[in-house]
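Here are the chains, one letter per residue:
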Amino acid sequence: MLERFRERAAIHDRENTFPDQDLAELKAAGYLSILVPVELGGGGLGMAEASVLQQRLAGAAPATALAVNMHLVWTGVAKVLSDRGVDALRFVQEGAVAGEVFAFGISEAGNDLVLFGSETDAAPQPDGAYAFTGTKIFTSLAPVWTQLGLHGLDATSADAPKLVYAFVPRSDAVVTRDDWDTLGMRGTQSRTTELHGALAPPDRVVRRIDPGPNPDPMVFGIFSVFELLLASVYTGIARRALDLAVETAGRRRSKKTGKAYSQDPDIRWRIADMALAYDALPAELAALSRDVDTLADHGARWFSLLAGIKHRAVTMAKRVVDDAVLVAGGSSYFSASELSRLYRDVLAGLFHPSDPESAHSTVASAWLGPVQD
């Protein structure tokens, strides 16, 4: 499967198309329900195992892995909540087994509050439903999702303001723009989504919480699963770039010495440096993912640990891909090169929450306390 995905990845990147065949194969293999308990028909895996699988998938087709990530985020959140005694997302688990595709509708242009606020209006309805009006950006899986998990701000209820988390189906009230034309990660088709009173029925309104930093299990679930799975994707990209560098160094020969580049001391140092940077991340991902699975208590440090691992994975991956390009030489500058695609794909990691500024702010607050007025 991975080899087929890798072959198609170049086509989807070149043609700016969604990897429908990849998704069909993953569905058939039960991949969309790997985080769903066995008793509900899923794979029964934990976050640590899902992280390894996403690393492998990203090494073959980064855009496919990143797109599927957003579905796995919701099944992962359902698992995190269920493990902590909250069964509010059981319908997500059952839906994933039945073939539903869940998309992630949180990001909004200019909203650096992310999970702690929303520009989308969540209007309460008499029957307990909510109508959402606003614009979400970077909605991966745009051509294929069946349910969009999102948040919005209820500013009119008696206990307002409240952030409302809910799921809306596709309808005439949801408009998907055909505007995904990007430098990299083109196969994700993470298009802009307009909500014009999109209705979440009462049984799909899963959480109402206060805006701002919040210890609610929903916030922890989204933040932890999102950061760990993102870090897994970019760690997988780094591993593929490292493998390509090793392969290229063994194949290229120096005209000056007649020896393979793998014997050149400068190339050996560069690849060793890549490996030294990469080697830390799989182990760290495994440990922190297991901590989520086993309900470890990191207290107030949780958010800094999660933001930190995503930041380290992305910056490490970018550095490793940069060095792999140098090892490969001029051939990697051509668009047909896999390294050329990885070079563009890895840049997307800089834009996912937590971005470098947010990560540093979170970690500084964990170690130094909040900034004083």
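A quick note: this is a predicted structure, and the numbers were derived from the prediction, not measured.

(A) How the structure looks around the packing of helix 6 (residues 217-251) against helix 9 (residues 338-345). Where helix 6 contacts helix 9, the axes come no closer than 11 Å and their chain directions differ by 150°. Overall, the two elements helix 6 and helix 9 adopt an arrangement that is roughly antiparallel. Of the two possible hands of crossing, helix 6 and helix 9 adopt the one that is left-handed. Every residue of helix 9 that contacts helix 6 at Y234, I237, R240, A241 and L244 is listed here: E338, L339, L342 and D345. Residues that form the contact of helix 6 with helix 9 fall into these classes: six nonpolar, no polar and three charged.

(B) Looking closely at empty space enclosed by the protein. On inspection of all chains with the given rule, the structure shows one cavity of 30 Å³ or more. In this structure, the largest cavity encloses a volume near 90 Å³. Around the largest cavity, the lining comprises 14 residues; the ones closest to its centre are A9, H12, A63, T64 and G187. Those elements that place two or more of their residues in the lining of the largest cavity are helix 1 (2-15), helix 4 (62-83) and helix 9.

(C) Expanded view of the pattern of salt bridges. Summed over all chains, the structure comprises 25 salt bridges. R4 is the salt-bridge partner of E25, the closest N and O atoms lying 2.6 Å from each other. Taken together, the residues E25 in helix 2 (residues 20-28) and R4 in helix 1 connect sequence positions 21 residues apart. R4 sits in the partly exposed class, given a relative accessible area of 40%. E284 serves as the salt-bridge partner of R312, at 2.2 Å between the closest nitrogen and oxygen. Separated by 28 residues along the polypeptide, R312 in helix 8 (residues 302-328) and E284 in helix 7 (residues 265-293) bring together distant segments of the chain. Owing to a relative accessible area of 36%, R312 belongs among the partly exposed residues under this scheme. A residue is classified by how much of its surface remains accessible, and E284, at 24% relative accessible area, is partly exposed. Overlapping salt bridges, with partners in common, bring together E3, R6, R240 and E338 in one network.

(D) Quick peek at the environment of S190. Position of S190 relative to the elements: it lies in the loop between strand 6 (174-176) and strand 7 (191-200). Judged by relative accessible area, which is 5%, S190 ranks as buried. C-alpha separation for the pair S190 and F132, spaced 58 residues apart in sequence, amounts to 20 Å. Ignoring anything within four residues of it in the chain, the contact list for S190 reads F138, T139, S140 and W180. Among the polar contacts listed, one links the side chain of S190 to the side chain of S140, at a separation of 2.6 Å.

(E) Spotlight on the pairing of strand 2 (residues 121-124). Relative to strand 3 (residues 130-139), strand 2 runs antiparallel, the two sharing four bridges. Residue pairing in the sheet places D121 in a bridge with T133 of strand 3. The hairpin formed by strand 2 and strand 3 contains five residues between the paired strands, and G128 there has a positive phi angle of roughly 95°.

(F) Just the packing of aromatic side chains, in detail. Taken as a whole and judged by the stated rule, the model has nine aromatic pairs. Look at Y130 and F132: their rings are 6.4 Å apart centre to centre, the planes differ by 40°, and that puts the pair in the tilted class. Both rings, one in F138 and one in W180, keep their centres 5.9 Å apart while their planes meet at 85°; by these two values the pair is edge-to-face. Separated by 42 residues along the polypeptide, F138 in strand 3 and W180 in the loop between strand 6 and strand 7 bring together distant segments of the chain. Through successive ring pairs, a cluster of aromatic residues spans W74, F91, F102, F104, F167 and F226. It is R204 that lies over the ring of F91; its NZ or CZ is 4.1 Å from the centre. Stacked on the ring of Y261, the Lys or Arg R252 has its end atom at 4.4 Å from the ring centre.

(G) How the structure looks around the nonpolar core. Residues W74, L89, F132, Y165 and Y234 are the most contacted members of the largest nonpolar core, which totals 109 residues. Ignoring sequence-local partners within four residues, the contact set of L89 consists of W74, V77, A78, L81, F167, V206 and M218.

Rules used in this analysis
- Residues numbered from 1 in each chain as written.
- Predicted model: local features only at pLDDT ≥ 70, side-chain atom pairs only at ≥ 80, totals over all residues.
- Heavy atoms only, no water.
- Axes fitted to C-alpha atoms, helices over the stretch in contact; angles between N-to-C directions.
- Helix = DSSP H or I, 4+ residues; strand = E, 2+ residues; numbered from the N terminus.
- Parallel < 35°, antiparallel > 145°, perpendicular 65-115°, else oblique.
- Left-handed = near helix turned anticlockwise from the far one by under 90°.
- Contact = heavy atoms within 4.5 Å.
- Nonpolar A, V, L, I, M, F, W, Y, C, P; charged D, E, K, R; others polar.
- 1 Å grid on protein atoms, 1.4 Å probe; cavity = no way out; pocket = protein on both sides within 12 Å on 5 of 7 lines; lining within 4 Å.
- Points joined across faces, edges and corners; volume = space filled by probe spheres on them.
- Salt bridge = Lys/Arg side-chain N within 4 Å of Asp/Glu carboxyl O.
- Buried < 20%, exposed > 50% of the residue type's maximum accessible area, 1.4 Å probe, protein only.
- Polar contact = N/O pair within 3.5 Å; in protein donor to acceptor, adjacent residues only side chain to side chain.
- Pairing = 2+ DSSP bridges.
- Phe/Tyr/Trp six-rings, centres within 6.5 Å; stacked < 30°, edge-to-face > 60°.
- Lys NZ or Arg CZ within 6 Å of the ring centre and 35° of its normal.
- Core = buried A, V, L, I, M, F, W, Y, C linked by side-chain atoms within 4.5 Å.

Remember that the coordinates give geometry; whether it matters functionally is a separate question.
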